[in-house]
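# Chains, contacts and geometry: an overview
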Amino acid sequence: LAFRSVGAGQLEGRPAYEVEFREEARPTLVRTPKGEDVPARGSFWIEPDSGRILRTRLWLSLEQLTTEIIVAYRPDEALGLWVPASMRELYLGPGFPQLEVDCEAVYSNFQRASAETSETYRLPSWAEESR
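Model, not experiment: these values are computed from the prediction.

Strands sit in the order β1-β2-β3-β4-β5-β6-β7 across an open sheet of seven strands; the sheet is antiparallel. At either end of the open sheet lies a strand with only one pairing partner, and these are β1 (2-11) and β7 (99-106). On average, adjacent strands in this sheet sit at an angle of 15 degrees to one another, irrespective of strand direction. With eight bridges joining them, strand β4 (residues 53-62) and strand β5 (residues 65-76) adopt antiparallel strand pairing. Counterpart to Thr56 in the pairing with β5 is Val71.

This is the structure we're talking about:
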């Protein structure tokens, strides 16, 4: 990946530093079902004092289809973590009028996952006999 500093500014009242990226190596992270490379571009908006990611933007283009995905993050006080607040997806395709799909998901009610396990170890009978 190649990175480029865009500069400092504000994002929803917070200081933010924008860093753009461009995928140059092959194979790429995103590939078509036929295995073709789909180079990604985008940006990270980073809070300078904490290093938290405030927003991400991913841009993909393949033949006549362009995709942009933007994810905004927010603090979740109950978890003590930053979580995705929303994701907007925009797809532009060929045609007249141009094909356009624009959708947004808003996230809430995050919960901490947990699991408990218990283990008991017993030697096999042949190991006990050799003692």
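Below, the discussion takes up the packing of aromatic side chains. Applying the stated criterion across every chain yields a total of one aromatic pair. An angle of 35 degrees between the planes, with centres 5.3 Å apart, marks the rings of Phe21 and Phe44 as tilted. Here Phe21 is found in strand β2 (residues 14-22), whereas its partner Phe44 is found in strand β3 (residues 40-46), with 23 residues between them in sequence. Assessed through its relative accessible area of 12%, Phe21 is described here as buried. Look at Phe44 and you get partly exposed, because its relative accessible area is 28%. Lying over the aromatic face of Trp59, Arg41 brings its terminal NZ or CZ to 3.9 Å of the ring centre. In this structure, Arg55 packs its charged tip against the face of Trp45, placed 5.9 Å from the ring centre.

Moving on to the pairing of β5. Here β4 folds back onto β5 in antiparallel fashion, the turn holding two residues, of which Glu63 has a positive phi close to 50 degrees. Two strands pair when backbone bridges link them, and β5 and strand β6 (residues 81-93) are joined in this way by 11 bridges, in the antiparallel orientation. When the sheet's bridge partners are listed, Asp76 is paired in β6 with Leu81. Joining the antiparallel neighbours β5 and β6 is a turn of four residues, in which Gly80 adopts a positive phi near 70 degrees.

For the rest of this paragraph, the subject is the pattern of salt bridges. Per the counting criterion, the structure on display carries 10 salt bridges. Linked by salt bridges that have partners in common, Arg14, Glu47 and Arg52 make up one network.

Reading guide: rules and limits
Residues numbered from 1 in each chain as written. Predicted model: local features only at pLDDT ≥ 70, side-chain atom pairs only at ≥ 80, totals over all residues. Heavy atoms only, no water. Pairing = 2+ DSSP bridges. Helix = DSSP H or I, 4+ residues; strand = E, 2+ residues; numbered from the N terminus. Axes fitted to C-alpha atoms, helices over the stretch in contact; angles between N-to-C directions. Phe/Tyr/Trp six-rings, centres within 6.5 Å; stacked < 30°, edge-to-face > 60°. Buried < 20%, exposed > 50% of the residue type's maximum accessible area, 1.4 Å probe, protein only. Lys NZ or Arg CZ within 6 Å of the ring centre and 35° of its normal. Salt bridge = Lys/Arg side-chain N within 4 Å of Asp/Glu carboxyl O.

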